[in-house]
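A closer look at the structure
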Amino acid sequence: MSTRFEELGLHDHLVQTVAELGYQEPTPIQAAMIPQMLGGCDVIGQAQTGTGKTAAFALPMLHNFTKGCHHIQGLILAPTRELAMQVAKSMEQYGARTGVRVLAVYGGQAYFHQIPKLKQGVDIVVGTPGRLIDLMKQKKLDLSRVSTVVLDEADEMLSMGFVEDIQIILDETPAERQTALFSATLPPDIRRLAQRYMNDPQSCTLAHKQLTVETVEQRHYLVNEFDKLAALTRLFETEDIASALVFTRTRAATGDLVTELAQRGFTAEALSGDLSQEARTRVLERFRNNQVKVLAATDVAARGLDIDDISHVINFDLPPDPEVYVHRIGRTGRAGKTGVALSLITPKERWLMGKIERFTRQRVPRHTLPTEGDIVQKRQEKLMQRMQVWLNRGRCKRELEVAASLAEEGHDPLDIAAAAMRLAQKEGDSRPIAQISKVVEPRPKMGRANPQGRFGDRSGYTRAQGRRDYARPRGGRPEGGHMGRDSQEKGMVRLSLSTGRSHGITVSHVVGSLAHHADIPGRALGRISIQDNRTLVDVPEALVEQVLAKTGNYRIGRNQVQVRRA
Ligand code: AMP
């Protein structure tokens, strides 16, 4: 039986606000956690983004919030600037009737945006661990009277190397605080953190939502990076797309993709984080009404997108994290419909596909891209379908007169029909079919079979590649400077940071800074070698540009750090 918001014990004004937001009933995580948090318990929620976890902690915090206090009442820790901003925004939305003052603090934003607001008075602070620590050190953040602390996406924060920072922050808050921890996974280090900092926490594990949805047909295509656009246009021609969400890795790629598709005669719109709320709403409205069939988005921009009948999710770029893959493809095959999830992968990303397959315990079969012949045939089928419609309607009076006079001139009726079709096709689907180059696959090394066996591999997964699994334990990285150039792992590119042991940096500084500023999962990083005056870091090839693009933004402590290819 489903619960109603009215039954959870929340103040009426909060119930009214969520009703106005269009929430009809609490999501399972909300129904489970809100009463526990209202009862004052410490809680652990195993829930991913998209489950409604933000409201699950925000609503009880807002319920307990007292207006007019002169101290910070609630603190939310989030791994990334995007999540901190998003949570702060949701908090303000849910608390619209309470007068709550919420502030997001994160690295990369000037202190003068944050410190005066803290001085004026803030009720709830949402921040990334690094910036919170900086503000605490500067004595600008007083957490001594915080009554509720939330660790959001705790596993992500730990994987970014923030564990010490989290502990320092928690130690600054009163021991009798209420603590809520949200995490998609509960590895031992999270459990240890919970044991140390939480008081008899109540667990709420959402019956692990099927990792992938049975109603989603998954396929992948092997393609060279530079052919991805061509591959996408070929798929657009042969797939029966009612509406598609195409995921790219970066915001810039989203815009580029839309422009390049337009140049090739395919209409798409970008759902970018840059859009104002009104522009975003307009884009989504057009997508919902099927005026635009293809939406290109990043994971961040697609957050909160709540549209049930997306026929295709296309991973133009594969996400580095299997959980993100699962989340992405869960956007299709909803509401009892079937969906299709297609992924374009480059030869170097095959190991990542293998990782996704192991995570979801499902094979994602490789298909070959539609050939020119397939496309021509599909175009013909479409033409015939359109003609059938007109034949059934039988309202082509004028055209019939033209055909009759051509027949009177002695033309064969079949020839007349064929010529008309030729013309129709010329005006319709006459786009050139994009060429695609052959993919050269590196041969798997002899004697290095896929250790997993089960999803083993036509695609040549090797143990060496498997070692590049993002989820390597932190401790597996050598801290010393003994690593030679030639020990760089395959598929990884070595970057050099302009800081080293003599500046007092540690592995967690490096991971935290790169992950935070480049917005990549810390787990993605490979070996880190801290030398006297520089640090070498192995970064997956697919993320190198993203990391290099942010050079100039990296900071460790007070020092700006330059990142370049080693
Ligand atoms: P979250 O998992 O907190 O990121 O939330 C995912 C999305 O679900 C957000 O867009 C929320 O606005 C939306 N949402 C949260 N709770 C509900 C609810 N009870 N009913 C409908 N939508 C919700």
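Cut-offs and rules
Residues numbered from 1 in each chain as written. Predicted model: local features only at pLDDT ≥ 70, side-chain atom pairs only at ≥ 80, totals over all residues. Heavy atoms only, no water. Helix = DSSP H or I, 4+ residues; strand = E, 2+ residues; numbered from the N terminus. Areas by Shrake-Rupley, 256 points an atom, 1.4 Å probe, with all protein chains shown as cover. Polar contact = N/O pair within 3.5 Å; in protein donor to acceptor, adjacent residues only side chain to side chain. Phe/Tyr/Trp six-rings, centres within 6.5 Å; stacked < 30°, edge-to-face > 60°. Buried < 20%, exposed > 50% of the residue type's maximum accessible area, 1.4 Å probe, protein only. Lys NZ or Arg CZ within 6 Å of the ring centre and 35° of its normal. Pairing = 2+ DSSP bridges. Axes fitted to C-alpha atoms, helices over the stretch in contact; angles between N-to-C directions. Contact = heavy atoms within 4.5 Å. Salt bridge = Lys/Arg side-chain N within 4 Å of Asp/Glu carboxyl O. Core = buried A, V, L, I, M, F, W, Y, C linked by side-chain atoms within 4.5 Å. Arc of directions from axis to C-beta.

Observations regarding the overall build of the chain
When you go through the chain residue by residue, the secondary structure sums to 21 helices and 19 strands. When the accessible surface of the chain is summed, it comes to about 27700 Å², and 50% of that surface belongs to carbon and sulfur atoms.

Section: the side chain of Arg-350
Inspection of the secondary structure puts Arg-350 in helix α15 (residues 350-360). Polar contacts involving the side chain of Arg-350 include one to the main-chain carbonyl oxygen of Pro-347, which spans 3.0 Å.

Description of the packing of aromatic side chains
Applying the stated criterion to the full structure yields three aromatic pairs. Both rings, one in Tyr-23 and one in Tyr-94, keep their centres 6.1 Å apart while their planes meet at 65°; by these two values the pair is edge-to-face. Here the residue Tyr-23 occupies a position in the loop between α1 (12-20) and α2 (28-38), and Tyr-94 occupies one in helix α4 (residues 81-94), the gap between them amounting to 71 residues. Exposure remark for Tyr-23: the relative accessible area of 30% places this residue in the partly exposed category. For Tyr-94, a relative accessible area of 6% puts it in the buried group. Ring centres of Phe-236 and Phe-266 lie 5.7 Å apart, and the angle between their planes is 50°; on these two criteria the pair is classed as tilted. Placement of Phe-236 in helix α10 (residues 228-238) and of Phe-266 in the loop between α11 (251-263) and β10 (269-271) is noted, with a sequence separation of 30 residues between them. Judged on exposure class, the residue Phe-236 and its partner Phe-266 are both buried. The ring of Phe-316 carries Lys-228 above its face, with NZ or CZ at 5.6 Å from the centroid.

Re unusual backbone geometry
Its identity is not glycine, yet Asp-200 carries a phi of approximately 40°, on the positive side. Position of Asp-200 relative to the elements: it lies in the loop between α9 (188-197) and β7 (202-205). The phi torsion at Asn-290 lies on the positive side, around 70°, for a residue other than glycine. With respect to the element layout, Asn-290 can be found in the loop between α12 (277-288) and β11 (294-297).

Things to note about the sheet that holds strand β4 (residues 124-127)
Read across the open sheet, the seven strands follow the order β3-β4-β2-β5-β6-β1-β7; overall the sheet is parallel. Two strands lie at the open edges of the sheet, namely β3 (102-105) and β7, each paired on one side alone. Going across the sheet, the axis of each strand differs from the next one's by a mean of 15°, ignoring polarity. Along the sheet, α4 contacts β2 (74-77), β3 and β4; its crossing angle with β3, the most-contacted strand, is approximately 175°.

Topic: the pattern of salt bridges
Evaluated as defined, the whole model comprises 20 salt bridges. A salt bridge links Lys-378 to Asp-240; the shortest N-O distance between them is 3.5 Å. Placement of Lys-378 in helix α16 (residues 372-393) and of Asp-240 in the loop between α10 and β9 (244-247) is noted, with a sequence separation of 138 residues between them. Asp-240 gets classed as exposed once you look at its relative accessible area, which sits at 59%. Several salt bridges share partner residues, and in doing so they unite Lys-53, Asp-152 and Glu-153 into one network.

Here we look at the environment of Thr-259
Within the element layout of this structure, Thr-259 appears in helix α11. The partly exposed category is assigned to Thr-259, whose relative accessible area is 42%. For the pair Thr-259 and Glu-269, spaced ten residues apart in sequence, the C-alpha to C-alpha distance is 8.8 Å.

What to know about the nonpolar core
Core analysis: the biggest nonpolar cluster contains 38 residues, and Leu-10, Phe-57, Leu-59, Ile-76, Met-91 and Phe-182 have the highest contact counts within it. Looking at this core, the elements with two or more residues in it are α1, α2, α3 (53-64), α4, β3, β4 and β6 (178-183). It is α3 that provides the largest number of residues to this core, a total of seven residues. In this view, Leu-59 contacts Phe-5, Leu-10, Leu-14, Val-18, Ile-34 and Tyr-94; residues no more than four positions away in its chain are not counted. Leu-143, Leu-181, Ile-190 and Met-198 belong to the second-largest nonpolar core, a separate cluster that totals 35 residues.

Observations concerning the environment of Thr-248
Among the secondary structure elements, Thr-248 is positioned in the loop between β9 and α11. The exposure class of Thr-248 is buried, given its relative accessible area of 0%. Among the polar contacts made by the side chain of Thr-248, one reaches the main-chain carbonyl oxygen of Thr-250 at a distance of 3.1 Å.

Thoughts on helix α5 (residues 111-120)
Looking at α5, one finds that the buried residues are Gln-114, Ile-115 and Leu-118. Buried residues of α5, viewed axially, fall in a sector of 95°; they line one side. Across α5 from its buried face, at more than 90 degrees, point the exposed residues Phe-112, Lys-119 and Gln-120. Check the buried side of α5 and you find it contacts β3, β4 and α6 (129-137). Note on α5: the residue one or two positions beyond its end, Gly-121, has a positive phi of about 120°.

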